[in-house]
Amino acid sequence: MKPPRFDYVAAGSVGEATEALASAEDSRVLAGGQSLVPLMNLRLARPSLLVDVNHLGALSGFESHNGTLRFGAMCRHRFLETDPDVRQKAPIFAEVAELIGHVGIRNRGTLGGSLAHADPVAELPALLVALEGRVIVASTGSERAIPAAELFAGPFTTGLEPDELLTTVEVPAHRDGDGGAFSEFVRRHGDFATAGVAVILHRDGFGACEQVRVAGCGLGPTPMDLSAAGDFLRGESSLTDGAAEELGRRVAAAADPPGDVHGSKDYRRELAAVLAADAVRRAWARAGSAGGA
Ligand SMILES: Cc1cc2nc3c(=O)[nH]c(=O)nc-3n(C[C@H](O)[C@H](O)[C@H](O)COP(=O)(O)OP(=O)(O)OC[C@H]3O[C@@H](n4cnc5c(N)ncnc54)[C@H](O)[C@@H]3O)c2cc1C
């Protein structure tokens, strides 16, 4: 099917984009188009105006500044996966981006698009929650920050206003002793995950666990913050198999997964337990190594 008729503007600056977004009632940002265009073709989205931000170089950069990593919203998944600077300073983004769809999709799809689309099974929203990141959004003449904890309001629903453009994604920079891992289950290579779990933890100079952050995709109506499940690990200097499995049990109990054709609620809970145990083992080992994640 072809999409319904729409107007199109190729924005030349962030200001032009936000003005165009405010100029029509049903305007939408066009980023990688990997979710929006199929929805339009299926007539599930009928924007009157598409504001194309693909030519805004200002939205594509990656930098580390004063303890914060900043990604432009138009960073493609493939860039996150392959850029040497990202791989060195934010390896967990490379690990997660590699899990998204197929290469053709990753060549076009963007970080900002994935967050704004807010698919509850998408990996990057869960990663942002685990990292306690935030997004910067611009509208005509103003800018505001939205913490990850407030960004995701429901399935495919965010706290962004219709005239707001997500410009930047910020997460804390890697410190010595940080380690992260993302584990997911997919039935076929390139599919959306049935469920996924991100674990980000910090170990102090003596190896003791100081902080554990856990978030999941496919485990609730939004990317779920399941960090309370890892509180019992604080102060521990080693991770036993029993502790990793205990984290899995706690994550499964706290999750609120949907039941659908891809898996029942109980099946997804079991997956959550296995994935959380796997992710915490890998994150723990990385937190104790020089490179971290
Ligand atoms: C076959 C297939 C498999 C896929 N597999 C996966 C997968 O395994 N995991 C996964 O996470 N994703 C997957 N995707 C989706 C892919 O990651 C998309 O890239 C992503 O969901 C949306 O990014 P986009 O840049 O393409 O956004 P678009 O499709 O351009 O936009 C999506 C929505 O976000 C809004 N938007 C985009 N950018 C901004 C912005 N900067 N500010 C405000 N609003 C904005 C748009 O208006 C639109 O409503 C898959 C897609 C396909 C087609």
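So, here's what we can say about the structure.

What counts, and where the lines are drawn
- Residues numbered from 1 in each chain as written.
- Predicted model: local features only at pLDDT ≥ 70, side-chain atom pairs only at ≥ 80, totals over all residues.
- Near = placed C-beta within 6 Å.
- Helix = DSSP H or I, 4+ residues; strand = E, 2+ residues; numbered from the N terminus.
- Nonpolar A, V, L, I, M, F, W, Y, C, P; charged D, E, K, R; others polar.
- Domains from an automatic or database assignment.
- Core = buried A, V, L, I, M, F, W, Y, C linked by C-beta atoms within 7 Å.
- Buried ≥ 20, exposed ≤ 12 C-beta atoms within 10 Å, placed from the backbone.
- Contact = placed C-beta atoms within 7 Å.
- Pairing = 2+ DSSP bridges.
- Axes fitted to C-alpha atoms, helices over the stretch in contact; angles between N-to-C directions.

A separate point is the site of the ligand. The ligand sits among 30 residues. The nearest are Gly32, Gly101, Gly109, Gly113 and Ala122. Of all elements in the fold, only β2 (27-30), α2 (36-41), α6 (103-108), α7 (111-117), α8 (123-130) and β10 (165-172) reach the threshold of two or more residues within the shell around the ligand. It is α7 that contributes the most residues to the shell around the ligand, five residues altogether. Per-class residue counts for the shell around the ligand are 15 nonpolar, eleven polar and four charged. Viewed by domain, the shell around the ligand spans two of them, domain 1 (7-52) and domain 2 (58-172), each represented by three or more residues.

The biggest cluster of nonpolar side chains holds 90 residues, and the ones touching the most others in it are Val53, Ala198, Val199, Val214, Val251, Ala272 and Ala276. By residue number, the principal contributor to this core is helix α11 (residues 265-287), which donates eleven residues. Beyond its immediate chain neighbours, meaning those up to four positions away, Val199 contacts Gly180, Ala181, Val212, Val214, Ala276, Ala279, Val280 and Ala283.

All right, on to the sheet that holds strand β14 (residues 224-225) then. In space, the four strands of this open sheet follow the order β11-β12-β13-β14, with antiparallel pairing throughout. Every other strand in the sheet has two partners, leaving β11 (178-185) and β14 as the edge strands with one partner each. Taken together, the eight bridges between β11 and strand β12 (residues 195-203) define a ladder with antiparallel strand orientation. Looking across to β12, one finds that Asp178 is bridged to His202. Lying on the sheet, α8 is in contact with β11, β12, β13 (209-217) and β14; it crosses β13 at an angle near 155°.

Below, the discussion takes up the sheet that holds strand β3 (residues 49-52). The strand order across the open sheet formed by three strands is β1-β3-β2, and the pairing between neighbours is parallel. On the outer flanks of this sheet lie β1 (7-10) and β2, each paired with one strand and no other. Averaged over neighbouring strand pairs, the angle between their axes works out to 25° when direction is ignored. Here β2 runs beside β3; their pairing, made up of four bridges, is parallel. Among the inter-strand pairings, Val29 is bridged to a residue of β3, identified as Val51.

Bear in mind that shape data such as this cannot, by itself, settle questions of function.
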